[in-house]
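# Observations on the three-dimensional arrangement
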Amino acid sequence: MEEKEKIFTNKKVLIFGSGISGIAAAKLLNGVCDIILYDSNEKLSAAEIRKKLPEDFSGVVVLGKMTDAEISGVDYAVLSPGVPTDLAEVDRLRSAGVKILGEVELAYLFERGRVVAITGTNGKTTTTALTGEIMKTYYKEVFVVGNIGIPYTQMVSQTEKDSITVAEISSFQLETIQKFHPKVSAITNITPDHLNRHHTIENYAAAKFAVAKNQTGEDICILNYEDERLKDFGEKLSCKVIWFSSARRLSEGFFLSGDEIVFAQGGKEQVLLPVSELNIIGRHNYENAMTAAAAAVAMGVPLDCIRRALRTFKAVEHRIEFVIEKNGVKYYNDSKGTNPDASIQAVRAMNTKTFLIGGGYDKGSEYGAWIDAFEGKIKTLVLLGQTKEKIAKAARERGFLDIVMAEDMKDAVKFCAEHAKPGEAVLLSPACASWGMFKDYEERGRIFKELVRALPDREGIVL
């Protein structure tokens, strides 16, 4: 790590964003270089931010608008994932000759071990968590980081030559990589998302593809054979590709055959395990399991270890998470369904009549395909948030008329609890981001679970 530290020795680094990633980056660089921790939100408290930093933090905290004097002499700017690369303040830095890095790129410059990087529109959190659990059955030191909730910069100083870092990487984080070079990369799928940030699906896909841009013939990229963009992308890669498919038999790779996951290699096929042995439901989760298994095989993990981890793994929080059964009604939290395609997977996983709670912040998504996926499973659509009218319009245009408008999550849960019958289900899968009503999808999911667990018996439901 000492050699890599020299990149920043005697340099001035501006860390853009004072959230969890920015704080972790500041801690990593503390004592290595001169630091400006900057946040454009002038309403924040510099004193409160300093409480999150080490006592010996020698940098400065700047809020609001940056002055030319503060920008002067800055060598690098480290962007937190939530900071758009085309922001005016970022352009100012660029114009001043400042080198722009992302938090993931910064962390990688301090990485000692090998990296498995997982991205994609949907499934990447579950796949990352599952890959981490599989790796832990075989490797002594495994770090699971990134968009999954633990900043890469927070853990990278603990890595060693023989350690494995499994990182969930978002399109935002991939926009700013330069030398980031995973031994194994994986792209679960690509469907339209974050178009308010990337503007076009082509830009969004290009950001995802960047996960493999530094990989060579000695590296491996895992791709979904049923995704046309990924199929085309995989044919152009110089690294080795391991394919997976939930729709057809493959001569090489992982595929779903009936109710079994099969691994084909060197002209031989062997059953990894029946999907009935998994604790995660739905075809999309079988794809996640195949992606994780492929990543583990690529890293030399024996199949027996992979099977053991797959059998014990349970759904990650906020992803089709079973919460509780109340009054004969099962409640599921899929708050991580922040775009229509993710929510489609949750809807498809339901096996009974379901009350669906949806709506939230408008990221520029279209909801027609989501409505089409209801296919008689969704009994009532309960909408809230900024997108409720837009979604209701799309539903009515497709002949789905059982729509209820809710004021907030409490109102939505109350309606579902009063009207769902024993044997039915209630699913929170918003198909939208949480911003505007909640801090993030995690807070949205926690509030939903708290409301559901507080439900009394059917007699006299009061929330």
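Residues numbered from 1 in each chain as written. Predicted model: local features only at pLDDT ≥ 70, side-chain atom pairs only at ≥ 80, totals over all residues. Heavy atoms only, no water.

### Some remarks on the overall build of the chain
From N to C terminus, the chain includes 19 helices and 20 strands. A globule of 463 residues ought to have a C-alpha radius of gyration of about 23 Å, and the chain, at 23 Å, matches this closely. When its C-alpha atoms are laid out on the principal axes, the chain stretches across 65 × 60 × 35 Å. Expressed as a percentage of its 463 residues, the buried residues of the chain come to 59%. Relative to all contacts within the chain whose residues are 6 or more apart in sequence, the contacts with residues 24 or more apart total 66%. Taken together, the 59 basic and 63 acidic charged side chains of the chain have centroids lying 2 Å from each other. (Helix = DSSP H or I, 4+ residues; strand = E, 2+ residues; numbered from the N terminus. Rg over C-alpha atoms; globule rule 2.2 N^0.38 Å. Buried < 20%, exposed > 50% of the residue type's maximum accessible area, 1.4 Å probe, protein only. Contact = heavy atoms within 4.5 Å. Lys, Arg positive; Asp, Glu negative; His and termini not counted. Charge placed at Lys NZ, Arg CZ, Asp CG, Glu CD.)

### Examining helix 2 (residues 20–29)
Given 3.6 residues per turn, any residue in an α-helix points the same way as the ones three and four places further on. Burial analysis of helix 2 places eight of its ten residues in the buried class, which makes it a mostly covered element. Within the span of helix 2, buried status applies to S21, G22, I23, A24, A25, A26, L28 and L29. G31 occupies a position one or two residues after helix 2 and carries a positive phi of about 85°.

### Concerning the packing of helix 7 (residues 124–136) against helix 14 (residues 303–312)
Packing of helix 7 against helix 14 brings their axes to within 8 Å, and their N-to-C directions diverge by 130°. Taken together, the axis directions place helix 7 and helix 14 in an arrangement best described as oblique. With respect to the hand of their crossing, helix 7 and helix 14 are arranged in right-handed fashion. Here L130, E133 and I134 of helix 7 lie close against helix 14, whose contacting residues are I306, A309 and L310. Across the contact of helix 7 with helix 14, the residue classes break down as five nonpolar, no polar and one charged. (Axes fitted to C-alpha atoms, helices over the stretch in contact; angles between N-to-C directions. Parallel < 35°, antiparallel > 145°, perpendicular 65-115°, else oblique. Left-handed = near helix turned anticlockwise from the far one by under 90°. Nonpolar A, V, L, I, M, F, W, Y, C, P; charged D, E, K, R; others polar.)

### Let's talk about the pairing of strand 1 (residues 12–16)
Along strand 1, four of the five residues are buried, which leaves the element largely enclosed by surrounding structure. Bridge analysis of strand 1 against strand 2 (residues 34–39) gives five bridges, and the strand direction is parallel. Bridging across to strand 2, L14 finds its partner in I36. The parallel pair strand 1 and strand 2, bridged by helix 2, forms a crossover whose chirality is right-handed. Bridging between strand 1 and strand 4 (residues 76–79) involves four bridges; their strand directions are parallel. Looking at the pairing, F16 lines up with L79 of strand 4. (Pairing = 2+ DSSP bridges. Right-handed = clockwise from strand over helix to strand, strands pointing away.)

### What about the environment of R398?
Secondary-structure assignment places R398 in the loop between helix 17 (388–397) and strand 19 (403–405). On a C-alpha basis, the gap between R398 and A369 in space is 10.0 Å, while along the polypeptide they are 29 residues apart. At 3.4 Å, the side chain of R398 forms a polar contact with the backbone oxygen of G368. At 3.4 Å, the side chain of R398 and the side chain of D372 are in polar contact. (Polar contact = N/O pair within 3.5 Å; in protein donor to acceptor, adjacent residues only side chain to side chain.)

### Focus: the nonpolar core
In this structure, F8, I15, L29, Y152, F180 and L223 are the most contacted members of the largest nonpolar core, which totals 57 residues. In terms of residue count, the dominant contributor to this core is helix 2 (five residues). Discounting residues that sit within four places of it in the chain, L223 has contacts with I187, L230, F233, G234, L237, V241, I242, W243 and F244. Within the second largest apolar cluster, 44 residues are counted, among which are A186, A292, M299 and F313. (Core = buried A, V, L, I, M, F, W, Y, C linked by side-chain atoms within 4.5 Å.)

### Here's the deal with the sheet that holds strand 9 (residues 184–187)
Read across the sheet, nine strands follow the order 7-8-6-9-10-11-12-13-14 without closing on themselves; strand pairing throughout is mixed. Because the sheet does not close on itself, it has two edges, and the strands there are strand 7 (142–146) and strand 14 (268–274). Neighbour-to-neighbour, the strand axes of the sheet open up by a mean angle of 20°, direction not taken into account. Where strand 13 (residues 260–265) meets strand 14, six bridges bridge the pair, whose relative direction is antiparallel. Within strand 14, the position partnered with I261 by the bridge is L273. Here helix 13 (residues 283–298) sits on the sheet and contacts strand 6 (114–119), strand 9, strand 10 (220–224), strand 11 (240–245), strand 12 (253–257), strand 13 and strand 14; the angle it forms with strand 12, its principal contact strand, is near 150°. Across the sheet, helix 14 is in contact with strand 13 and strand 14; its angle to strand 14 comes to roughly 25°.

### Digging into the packing of aromatic side chains
Under the definition given, this model contains 14 aromatic pairs. The interplanar angle of 55° and the centroid separation of 6.4 Å between the aromatic rings of F355 and F415 together place this pair among those described as tilted. Of this pair, F355 sits in strand 17 (residues 354–358) while F415 sits in helix 18 (residues 409–419), and the two are 60 residues apart along the sequence. Between F374 and F400 the ring centres are 5.2 Å apart and the planes differ by 80°, which places this aromatic pair in the edge-to-face class. In this pair, F374 sits in the loop between helix 16 (368–372) and strand 18 (378–383) while F400 sits in the loop between helix 17 and strand 19, placing the two residues 26 residues apart along the sequence. Here F374 falls in the buried class, since its relative accessible area comes to 2%. (Phe/Tyr/Trp six-rings, centres within 6.5 Å; stacked < 30°, edge-to-face > 60°.)

All quantities given are derived from atomic positions and should not be read as evidence of function.
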